[in-house]
Amino acid sequence: KPSISEIDRIRIAEAFRIGDEVQNKLWTDWSNAPFSMLLITDDYEFLIRHPKPSDEFQSIGYDKLLKSEVFWRPRKFQKNFIATFPAFNKMPVIVVGKAENTTDKTSTRWVFVVLHEHFHQLQFSKPTYYDDVNALNLYRGDKSGMWAITFTFPYKEKKIVERFRHLSDQLVEAYNARRSSEAKSKLINYLASRKEFAEILSSDDYRYASFQLWQEGIARYTQYRMAEISARSLRPSKAFRELKDFTAIKIEADRLLKTTLDEMLTLDMASSERVVFYSFGAIEGLLLDEIDPKWRSKYFETKFALEKFYPASINK
C-alpha cells in the first residue's frame, strides 16, 4: 500500500504536537477547531485526522505517531499546493504539499506554515463565519469562494498605491516606536493616515481590504507568534531535531519577524497585490499586542475590522 515517508510523518507529528501544546496559549479554545490535513506527495494524497473521508479514499490503518487513521488516494492537487478549505465536506482541511515541493522547502518553516493554515481552520469553523463573510456582499455572484482571491481591488491605481506605501511606512514607524516616548504620537499619526487611506477607497474596496487584513494578516501574525511562543516554551521532539534540515525554532521565529518587517519596507501594491495584506496585518497584530494585550479576546466577535481594536480615545 502507499505510505507516508518517515520524514513527512515526523514533520506532521511535530506540527500536530506544537499545535496541540501551544495553540490555546495564543487563541482561547483553538483546540476545539479541526486539525485535519491532506498531505500531497508526488503520487498520492494522504488524509489525516479526518472523521469521515469520502469513498475515494482507502485506509492504510492507524498511525501511532500521527495518532490517527490514515487514508490515501491518487494525487489530484498540485504538488506545491498550500491552502485550507472544506475539501470533502463542511470541515476545513489543510491541503499541503511535502516541504520540498513548497516554497518553504525545509522542515521547521513548513511546520509553522501548517500552523498558519491551522489558524484558518479556527477562523472557518466559527459558527457564523460564512454568514458574516457573505454579509460583506463582495462575492458578486461568485459562490465558489474564489472571489476572496480574484476580487477586483484597485491594486494599480497610482493614488492608492502611493497612499498604501506611505501608510506601510507609518505602521512600521509606530511599531518600532511602540515602547518609546514617541509611541503615542507615532500611533496617532498612523491611525490618522489609516483613516485617510480608507476614505480614498470605495466602500466595497475598503471592506475587502479589511477582510484580508483580518483573515490573512492575522494568520501571518499567528504563524510568527506560534513560533515565538514555541521557542520559549517547547523543546522540539528528538526525531524532529535529528532531521537533516532542522532549524531551531527561535531561528525560524526571528526569520519570520525579520522577513515580515522587510516586506513592509518594500511593499508595492501594484506588483504584489493581495499579498501586501499578509505582512501589513501581521504587524498590526503585533502593534495591537503592545497597545491592548486583550485584543484577541474580541477578534472573533468584531470581524473584519482591526481598526476597532485600537483605543477609542486615540482612534477618532
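Residue numbers here run from 1 along each chain, matching the order of that chain's written sequence. Local features in this predicted model are restricted to residues whose pLDDT is 70 or higher, and side-chain atom pairs enter the listing and the counts only when it is 80 or higher, whereas totals over whole chains, interfaces and linings include all residues. Side-chain descriptors were evaluated using all non-hydrogen atoms of the structure, hydrogens and water having been removed beforehand.

**Student:** Whenever I open this one, the nonpolar core confuses me. Can you help?
**Tutor:** One broad trend across soluble globular proteins is that nonpolar side chains are buried collectively. Here, nonpolar core refers to any group of buried Ala, Val, Leu, Ile, Met, Phe, Trp, Tyr and Cys residues whose side-chain atoms link them within 4.5 Å. Residue exposure (1.4 Å probe, protein chains only): buried if accessible area is under 20% of the type maximum, exposed if over 50%, otherwise partly exposed. Ranked by size, the top nonpolar core spans 90 residues in total, and within it Trp27, Phe153, Met269, Phe277 and Tyr299 carry the most contacts. The secondary structure listing takes helices from DSSP runs of H or I that are at least 4 residues long and strands from runs of E that are at least 2 residues long, numbered from the N terminus. In terms of residue count, helix 7 (residues 203-233) provides more of this core than any other element does, 12 residues in total. Note on contacts: a residue pair qualifies if any of its non-hydrogen atoms lie within 4.5 Å across the two residues. Beyond its immediate chain neighbours, meaning those up to four positions away, tyrosine 299 contacts Trp27, Phe119, Gln123, Trp214, Gln215, Ile218, Leu306 and Phe309. Among the nonpolar cores identified, the runner-up in size contains 8 residues, and Leu47, Phe88, Val93 and Val95 belong to it.

**Student:** What should I look at first to understand the packing of aromatic side chains in this one?
**Tutor:** In this description, a pair of aromatic rings is defined by centroid distance and the angle of the planes. Aromatic pairing here means that ring centres of Phe, Tyr or Trp (its six-membered ring) are within 6.5 Å. Orientation follows from the plane angle: under 30 degrees is stacked, over 60 is edge-to-face, and everything else is tilted. Enumeration over the complete set of coordinates arrives at 37 aromatic pairs. On the numbers, 6.0 Å between centres and 85° between planes, the contact of tryptophan 27 with tryptophan 295 is edge-to-face. Pair noted here: tryptophan 27 is in the loop between helix 1 (6-26) and strand 1 (37-40) and tryptophan 295 is in the segment after helix 11 (276-291), with a separation of 268 residues, a long-range link. A ring pair is formed by phenylalanine 124 and tyrosine 129, whose centres lie 5.1 Å apart and whose planes are at 40°; its orientation type is tilted. The pair phenylalanine 124 / tyrosine 129 is uniform in exposure class, with both members buried. Among the aromatic side chains, those forming a connected cluster through ring pairs are Trp27, Trp30, Phe119, Trp147, Phe211, Trp214, Tyr221, Trp295, Tyr299, Phe300, Phe304 and Phe309. Should the NZ of a Lys or the CZ of an Arg lie within 6 Å of a ring centre and within 35 degrees of the ring normal, that charge is described as sitting over the ring. A cation over a ring is seen here: arginine 178 above tyrosine 175, with NZ or CZ 3.9 Å from the ring centre. Lying across the ring of tryptophan 27, arginine 296 places its NZ or CZ 5.9 Å from the centre.

**Student:** Is there a simple way to think about the sheet that holds strand 1 in this case?
**Tutor:** Strands in a sheet are paired, the pairing made by backbone hydrogen bonds, and the direction either parallel or antiparallel. An order of 3-4-2-1-6-5 is seen for the 6 strands of this open sheet, with the pairing classed as mixed. The open sheet has two free edges, formed respectively by strand 3 (58-63) and strand 5 (82-85), since each of these has just one partner strand. The sheet shows a mean angle of 20° between the axes of neighbouring strands, direction not considered. What counts as an axis is a line fitted to C-alpha atoms, over the stretch in contact for a helix, and the angles between N-to-C directions run from 0 to 180 degrees. Contacting strand 1, strand 2 (44-48) and strand 3, helix 1 crosses the sheet at an angle of about 155° to strand 1. Two strands qualify as a pair provided that DSSP identifies no fewer than 2 bridges between them.

**Student:** Please explain the side chain of arginine 194 as it appears in this structure.
**Tutor:** Examined against the element boundaries, arginine 194 turns out to sit in helix 6 (residues 183-199). Definition of a polar contact: a pair of N or O atoms within 3.5 Å, with one able to donate and the other able to accept a hydrogen when the atoms are protein atoms, and with sequence-neighbouring residues admitted only if both atoms are side-chain atoms. In this structure the side chain of arginine 194 is engaged in a polar contact, spanning 2.9 Å, whose partner is the side chain of glutamate 284. The contacts of arginine 194, once residues within four sequence positions are left out, are Leu167, Tyr206, Leu213, Glu284, Leu306 and Glu307.

**Student:** When you look at the side chain of glutamine 215 in this model, what are you seeing that I'm missing?
**Tutor:** You can see glutamine 215 is positioned in helix 7. Polar contacts involving the side chain of glutamine 215 include one to the side chain of tyrosine 129, which spans 2.5 Å. Beyond its immediate chain neighbours, meaning those up to four positions away, glutamine 215 contacts His120, Gln123, Phe124, Tyr129 and Tyr299.

**Student:** Explanation requested: the environment of asparagine 32 in the structure shown.
**Tutor:** Looking at the element boundaries, asparagine 32 is found in the loop between helix 1 and strand 1. Looking at asparagine 32, the relative accessible area reads 63%, which means it is exposed. For the pair formed by asparagine 32 and isoleucine 18, sequence separation is 14 residues and the distance between their alpha carbons is 15 Å.

Any functional reading would require information beyond the geometric quantities listed.
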